[in-house]
Amino acid sequence: MNATSPGSIYTPGVAGLAATEEERQAPYSQLSSLAPMRRMGQPEEIAKAAVFLASDEASYITGIELFVDGGAAQV
């Protein structure tokens, strides 16, 4: 069994937590600063990793946790 471990992902749900644009930017800035890549991930990036692990291309990969987090788990 394989697993993906996503980091902070930019989704509409995160934006819905704030009333103003200024309030929206504060958590995005904070979450972006946690990853060495200095940005939040996109849902499509998590999907691509999951599709890869489910594909025949990953047929000899088993028992991994694939961190899709902009490098946050490595620091």
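Residues numbered from 1 in each chain as written. Predicted model: local features only at pLDDT ≥ 70, side-chain atom pairs only at ≥ 80, totals over all residues. Heavy atoms only, no water.

Asks: Could you give an account of the overall build of the protein, with specific residues and numbers?
Replies: Secondary structure summary: the protein contains three helices and two strands in total. At 15 Å, the protein has a C-alpha radius of gyration far larger than the 11 Å of a compact globule built from 75 residues. Dimensions of the protein, computed from C-alpha atoms along their principal axes, come out at roughly 45 × 25 × 15 Å. In the protein, which comprises 75 residues, the proportion classed as buried is 20%. Here the analysis covers contacts within the protein between residues at least 6 apart in sequence; of these, 66% occur between residues at least 24 apart. Looking at the protein as shown, the accessible area adds up to about 5,300 Å², and 59% of this sits on carbon and sulfur atoms. Here the protein holds 4 positive side-chain charges and 9 negative ones, and the gap between their average locations is 6 Å. (Helix = DSSP H or I, 4+ residues; strand = E, 2+ residues; numbered from the N terminus. Rg over C-alpha atoms; globule rule 2.2 N^0.38 Å. Buried < 20%, exposed > 50% of the residue type's maximum accessible area, 1.4 Å probe, protein only. Contact = heavy atoms within 4.5 Å. Areas by Shrake-Rupley, 256 points an atom, 1.4 Å probe, with all protein chains shown as cover. Lys, Arg positive; Asp, Glu negative; His and termini not counted. Charge placed at Lys NZ, Arg CZ, Asp CG, Glu CD.)

Asks: For the packing of aromatic side chains, give the residues involved together with the corresponding values.
Replies: In the structure shown here, the tally under the stated rule is one aromatic pair. A ring pair is formed by Tyr 10 and Tyr 28, whose centres lie 4.6 Å apart and whose planes are at 40 degrees; its orientation type is tilted. Placement of the pair is Tyr 10 in the loop between β1 (3-6) and α1 (12-15) and Tyr 28 in helix α2 (residues 21-33), with a sequence separation of 18 residues. Residue classification places Tyr 28 among the buried residues on the basis of a relative accessible area of 7%. (Phe/Tyr/Trp six-rings, centres within 6.5 Å; stacked < 30°, edge-to-face > 60°.)

Asks: So what about the side chain of Ser 5? Which residues, and what values?
Replies: Here Ser 5 is to be found in strand β1. You can call Ser 5 buried: its relative accessible area is 16%. Here Glu 65 takes part through its side chain, which lies 2.5 Å from a polar atom of the side chain of Ser 5. If sequence neighbours within four positions are ignored, Ser 5 has contacts with Glu 65, Leu 66, Phe 67, Val 68 and Asp 69. (Polar contact = N/O pair within 3.5 Å; in protein donor to acceptor, adjacent residues only side chain to side chain.)

Asks: If you had to explain the pattern of salt bridges to someone new, which residues and values would you point to?
Replies: Per the stated rule, a full pass over the model turns up two salt bridges. A salt bridge links Glu 21 to Arg 24; the shortest N-O distance between them is 3.5 Å. Here the residue Glu 21 and the residue Arg 24 both occupy positions in helix α2, the gap between them amounting to three residues, near one helical turn. In this structure Glu 21 comes out as partly exposed when scored by relative accessible area, which is 46%. A salt bridge links Glu 45 to Arg 39; its shortest N-O distance comes to 2.7 Å. Overall, the relative accessible area of 37% leaves Arg 39 in the partly exposed class. (Salt bridge = Lys/Arg side-chain N within 4 Å of Asp/Glu carboxyl O.)

None of this, on its own, says anything about what the molecule does.
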